[in-house]
Amino acid sequence: MCVAFVLFSAFADMSVGVALASAKTIYVPDNYAKIQWAVDNATAGDTIIVRDGTYYENVIVNKQLTIKSENGSANCIVDGGGSGNGITLNADGITIEGFTVRDSGSYHVGIKVVSNANKIACNSITNNHDGIYLYSSNNNTIYNNTVNSNNRGGIKLYYSSNNTI
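Residues numbered from 1 in each chain as written. Predicted model: local features only at pLDDT ≥ 70, side-chain atom pairs only at ≥ 80, totals over all residues. Heavy atoms only, no water.

Draft legend 1. Main features of a nonpolar patch on the surface. A cluster of nonpolar side chains, contributed by Val114, Tyr135, Tyr158 and Tyr159, occupies part of the molecular surface with about 410 Å² of accessible area. Tracing the sequence through the fold places Tyr135 in strand S13 (residues 130-135). Residue Tyr135 is classed as partly exposed on the basis of its relative accessible area of 36%. (Patch = residues over 30% accessible without salt bridge, like charges linked within 9 Å, V, L, I, M, F, W, Y side chains within 5 Å. Areas by Shrake-Rupley, 256 points an atom, 1.4 Å probe, with all protein chains shown as cover. Salt bridge = Lys/Arg side-chain N within 4 Å of Asp/Glu carboxyl O. Helix = DSSP H or I, 4+ residues; strand = E, 2+ residues; numbered from the N terminus. Buried < 20%, exposed > 50% of the residue type's maximum accessible area, 1.4 Å probe, protein only.)

Set out below in structure tokens:
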């Protein structure tokens, strides 16, 4: 359960909302059929809410966004289709919450982080090479995730420091 995260996010969203008055909420699949299309069309500071379903794609996030499932990881799945990382975080300050991230392939990662100050919470990460992989990534917060049945490792840190797990 992510009650603490939800409360923290609510306060964080209020303070960010003052600075980013133009931030909007995008819904998948209502506004865009794919999560990646929503990411591509979002502006830094936006929130993407992903409705229940299985999304067969590899998501690359290159800007500060909040991406949440509508009803939690049991209902919202990012399936890498056996090729490529499930979700890759390439920008600082991203939040990923409430997804099952699975089937990225033999040598790929469920959630790959190559940036700083991200939040990864309440996800189920399974059937990947590594579950969560932080590469040269600092000051990230990772909690209330279930990381199991991955081929090599659960959570792997490489040249990364000051992360809270």
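Text resumes after the structure shown.
Draft legend 2. Layout of the pairing of strand S1 (residues 25-28). What you see with S1 is a clean split: Ile26 and Val28 sit on the buried side and Thr25 and Tyr27 on the side with no burial. Relative to strand S2 (residues 47-50), S1 is paired through 4 bridges, and the arrangement is parallel. By the bridge assignment, Val28 is partnered in S2 with Val50. At this point the chain moves from S1, through helix H2 (residues 35-41), to the parallel S2, and the crossover so formed is right-handed. (Pairing = 2+ DSSP bridges. Right-handed = clockwise from strand over helix to strand, strands pointing away.)

Draft legend 3. Just the side chain of Asn85, in detail. Structurally, Asn85 can be placed in the loop between strand S6 (76-79) and strand S7 (87-89). Of the polar contacts made by the side chain of Asn85, one reaches the backbone nitrogen of Val109; its length is 2.8 Å. Sequence-distant contacts of Asn85, defined by excluding residues within four places in its chain, comprise Asn58, Val59, Ser104, His108, Val109, Gly110 and Lys112. (Polar contact = N/O pair within 3.5 Å; in protein donor to acceptor, adjacent residues only side chain to side chain. Contact = heavy atoms within 4.5 Å.)

Draft legend 4. A look at the sheet that holds strand S5 (residues 66-69). Ordered in space as S1-S2-S5-S8-S11-S14, the 6 strands form an open sheet in which the pairing is parallel. Only two strands of the sheet have a single neighbouring strand rather than two, namely S1 and strand S14 (141-143). In this sheet, neighbouring strand axes are inclined to one another by 10° on average, regardless of whether the strands run parallel or antiparallel. (Axes fitted to C-alpha atoms, helices over the stretch in contact; angles between N-to-C directions.)

So, to be careful, I would describe these as geometric facts and stop short of saying anything about function.
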